[in-house]
Every structure is written in structure tokens, then in C-alpha cells.
Amino acid sequence: MTQIGADIRVAAAYLQAGNVVGIPTETVYGLAGNALNPDAVLTIFRVKNRPAFDPLIVHTDSLAKVEQVVTDIPEPARRLAEQFWPGPLTLLLPKQDQIPDLTTSGLPTVAVRIPNHPLTLALLRSLDFPLAAPSANPFGYISPTTAQHVADQLGDQVPYILDGGPASVGLESTIIGFEAGKATVFRLGGMALEDIERVIGPVNVRTHSTSNPKAPGMLSSHYAPRKPLILLQPGESPQPDAKAGALVFREPFGGIRSDNQRVLSPTGDLNEAAKNLFAHLRALDSLPVDIIYAEPLPNQGLGWAMNDRLRRASVQH
Ligand code: TXA
Ligand code: MG
């Protein structure tokens, strides 16, 4: 059985013993283990049922600790780190040998991030190792944004879940890599592109999945609810359907029962919408509906990343 609580010392004790623990972050909840301990990392892969070719993100609480696990921080990466950490941004940097190959799936780079959550920052400060933490969902399902989501899906296999309340951003971190000093976005996420470009200028965006993706989180099977989801075109409304659910931005659709609809942000606030996205998708998935219609969001700010997740969760129509 799993225990949900807010005691950093309990979480730290499990982690020191090589166990995995659910941790809150501002983006989504993570399934954390000692990033330097291959046994703990193996447990993460096993609990998530995650293929070994999909590398993990390493979390620390300071740039000084990041410098202990990477060999170089290119200039634009340093500017982003100074501006946005702690925050919903992950940087791909060349790894030091002490990071096990298992953690990075054999890649020469390690994904690193300083998460912006007071409990997890305090936990990281109390540990003498960094934490590898993928999102705490079974591979391929929607990411968890509350401790209860983690308990519902992985409960039996995780002894402790540190409860830090609902995630304040609600989308996984934006992932950026560097080639010859030039930045490329590999996953759209909780840090808006506009904010990144304000600091380092125009960036490449390469988030399409291939057979050997650099950020395998971009595989289209990711983030999917169990019910079929149809992503509508801008301005399109679904046909009336008593057995359909809908995820809408500001206002419910006519023709769909109102108790089968979830509104992301009545005031049209994209940050509020992002915060609600995964919880609303989960709620719709558990309603007695046969299909879920989703309205696309405006392509600005966090809208880009939300549309990306909805596209990956959707079936063709
Ligand atoms: O917001 C987040 O990033 C959350 C919280 C818990 O920090 N974590 C998260 O982890 O979303 P995960 O494992 O669900 O997604 C990490 C993504 C994966 O798509 C993985 O392929 C990619 O990061 N990744 C990790 N290391 C990489 C590397 N060295 N090169 C390319 N992609 C990498
Ligand atoms: Mg994930």
C-alpha cells in the first residue's frame, strides 16, 4: 500500500534506501529515484512500464549541483538556466560519467532541470544525490497533476507519495537541446516559446516523432486517454451526441450534455487552462461517454503545448 503525506524526511529515507517516491513539481508529479543508482533507476522503468530506450530527466536544486553531473553548459543554456530555474524547463547537456547509462538510455547527454516546488526543492537540498524522475504515470497515459492521480495509477508500487497539492503549471517541462551552441526545442511544454525566445532569440522547434526520436516523449502514442479523442478544427462544433464528452476552452458546446463537458478556463486564461488540462482529460475519460471531443486552443503562450498534447492524444478523423 502507498502512503500519501507531506513529510520530506520520510520521502528522503525511502530514496536513500534505493526506493522510488512520488514527488510534486510545478509541471506534473514525478516518480523519483536516486539518479546515480542503477537499481533505483531500473525500478522507475519497471514501475512505469517504460521502455529502456526512453531516457529520464535528472532533477537538482541548484546550478552548482547541475555542474556536478554535466561537462559543459553552453552560453545560451546558462542564460536560460539563470533566467528560468527553478522552473518548467529541461536542458539537454553533455553528461559526466557518474550519471549511469541507464538514466540516459545510453545517450551522451543528460536531461536536467531544477523544479519549482518548495517541498521538492527542500527534499533535493536534503539529499546528496540528484533525482531521476519521469512523470509518475504508466507509460503512454496522461501525466498526473495531483498526488491522488499517482496513487490511483501506481499506488501499489510506490511506498510514499509526497503531496504538494495540485501542480501549478500542469504541463510537462519544455525540453531544449544545443548543437554547436544553437538551441532546439524537442518538447513543447510548461515554459512558453515566446519567453524562451525573449532570452536567447529564435530557436528551432523539432518536436515531430520519428522512429528514433531524440525526445521519445514526442511519440504520438503519448498522453492518451483510454477513450478515443477527436481534436476539432478551430471553430468546428461536434454533432449533437448524448454519449459524447467534450473538453472546451471557455464555453460548453450545444448538443453535448453539460455534465459531460469540462471547461478549461471560463475567462480564457491559457495558464489556467494548462493547469486544468490533464485533470479534466482524466475526468472525461472516466465518464460514461464513448468519445471525447476537444476544442483546440489559441496558438500562443502555453496554447502551443496544449494543442501538441491534444494532437498526440487524438485519433484521426
Ligand atoms: O516536467 C517534467 O519534465 C516532468 C517532471 C516530473 O519533471 N518529467 C517528465 O519526464 O515529463 P518524462 O520522463 O515523462 O519525460 C522526459 C522526456 C522524455 O520524452 C525523454 O525522452 C526526454 O525527456 N529525454 C530525457 N533525456 C533525454 C536526452 N538525453 N535526450 C533527449 N531526450 C531526453
Ligand atoms: Mg512522461
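Residues numbered from 1 in each chain as written. Chains lettered and ligands numbered in written order. Predicted model: local features only at pLDDT ≥ 70, side-chain atom pairs only at ≥ 80, totals over all residues.

The name that an unreviewed UniProt entry assigns to the protein chain is Threonylcarbamoyl-AMP synthase, with the source organism given as Spirosoma agri. In UniProt, the protein chain has this text filed under Catalytic activity (unreviewed entry): "L-threonine + hydrogencarbonate + ATP = L-threonylcarbamoyladenylate + diphosphate + H2O". In its Sequence similarities (unreviewed entry) section, the UniProt record describing the protein chain reads: "Belongs to the SUA5 family." (UniProt positions renumbered as here; feature names shortened; annotations may be inferred.)

Turning to the confidence of the model for the protein chain, a few remarks are in order. Averaged over all residues, the pLDDT of the protein chain is 94; the fraction at 70 or higher stands at 95%. Across the predicted assembly, pTM comes out at 0.96 and ipTM at 0.99. (pLDDT = per-residue confidence, 0-100.)

Turning to the sheet that holds strand E15 (residues 291–294), a few remarks are in order. Note on sheets: strands pair through backbone hydrogen bonds, and any given pair is parallel or antiparallel. Read from one edge of the open sheet, 4 strands run E12-E15-E13-E14, paired in parallel fashion. In this open sheet, the two strands that pair with only one neighbour each are strand E12 (229–231) and strand E14 (261–263). Within the sheet, the average angular offset between the axes of one strand and its neighbour, ignoring direction, is 15 degrees. Strand contacts of helix H8 (residues 270–285): strand E13 (244–248), E14 and E15, with the helix running at about 175 degrees to E13, the strand carrying the most contacts. (Pairing = 2+ DSSP bridges. Helix = DSSP H or I, 4+ residues; strand = E, 2+ residues; numbered from the N terminus. Axes fitted to C-alpha atoms, helices over the stretch in contact; angles between N-to-C directions. Contact = placed C-beta atoms within 7 Å.)

Per the domain assignment, the segments making up the protein chain are domain 1 (3–218) and domain 2 (229–313). A C-alpha centroid distance of 27 Å is found between domain 1 and domain 2. Between domain 1 and domain 2, the contact holds 16 residues from the first and 14 residues from the second. Broken down by class, the residue content of the side of domain 1 that touches domain 2 amounts to 6 nonpolar, 9 polar and 1 charged. (Domains from an automatic or database assignment. Nonpolar A, V, L, I, M, F, W, Y, C, P; charged D, E, K, R; others polar.)

Bringing the environment of Tyr 14 into the picture now. Within the secondary structure, Tyr 14 sits in helix H1 (residues 8–16). Given 18 C-beta atoms within a 10 Å radius, Tyr 14 is considered partly exposed. Taking the C-alpha atoms as reference, Tyr 14 lies 26 Å from Lys 95; in sequence the two are 81 residues apart. Among all residues touching Tyr 14, those that are not within four sequence positions of it are Asn 19, Val 21, Pro 159 and Tyr 160. (Buried ≥ 20, exposed ≤ 12 C-beta atoms within 10 Å, placed from the backbone.)

What follows covers the nonpolar core. As a rule of thumb, nonpolar side chains are buried together in soluble globular proteins. Of all hydrophobic cores here, the largest spans 89 residues; its most connected members are Val 21, Ala 32, Val 58, Leu 91, Ala 132 and Met 306. For this core, the leading source of residues is H8, giving 7 residues. Here this core spans two domains, since at least three of its residues come from each of domain 1 (3–218) and domain 2 (229–313). With sequence-adjacent residues up to four places away left out, Val 21 is seen in contact with Ala 11, Tyr 14, Leu 15, Ala 32, Val 158, Tyr 160 and Leu 162. (Core = buried A, V, L, I, M, F, W, Y, C linked by C-beta atoms within 7 Å.)

Here we take up helix H4 (residues 75–84). Those residues of H4 not exposed but buried are Ala 77, Leu 80, Ala 81 and Phe 84. The buried side chains of H4 occupy one side of the element, clustering within an arc of 100 degrees when seen end-on. Away from its buried face, by an angle of more than 90 degrees, H4 presents the exposed residues Glu 75 and Glu 82. Structurally, H4 contributes buried residues whose contacts are with helix H3 (63–67), strand E5 (89–94), strand E9 (174–179) and helix H7 (193–200). (Arc of directions from axis to C-beta.)

Attention shifts here to unusual backbone geometry. Looking along the chain, the bond that leaves Trp 85 and enters Pro 86 is cis, with omega of -5 degrees. Summarising the element assignment, Pro 86 is placed in the loop between H4 and E5. Phi angles above zero are rare outside glycine, and Asn 49 is one such case at about 60 degrees. Counting through the fold element by element, Asn 49 comes out in the loop between helix H2 (38–48) and strand E4 (57–59). On the basis of neighbour count, Asn 49 is assigned to the exposed category, with 12 C-beta atoms found within 10 Å. Of note in the backbone geometry, Ser 105 takes a positive phi value of approximately 50 degrees without being a glycine. If you trace the backbone, Ser 105 turns up in the loop between E5 and strand E6 (109–113). Judged by local crowding, Ser 105 falls into the partly exposed class, with 15 C-beta atoms found within 10 Å.

Here we take up the environment of Ala 6. Secondary-structure assignment places Ala 6 in the loop between strand E1 (3–5) and H1. In this structure, the C-alpha to C-alpha distance between Ala 6 and Gly 22, residues 16 residues apart in sequence, is 11 Å. Excluding anything up to four places from it in sequence, Ala 6 contacts Leu 119, Leu 162 and Asp 163.

Read across the open sheet, the 11 strands follow the order E1-E8-E2-E3-E7-E4-E6-E5-E9-E10-E11; overall the sheet is mixed. The open sheet has two edge strands with one neighbour each: E1 and strand E11 (204–205). In this structure, strand E3 (residues 30–34) lies alongside strand E7 (residues 131–132), joined through 2 bridges in antiparallel fashion. Residue pairing in the sheet places Gly 33 in a bridge with Ala 132 of E7.

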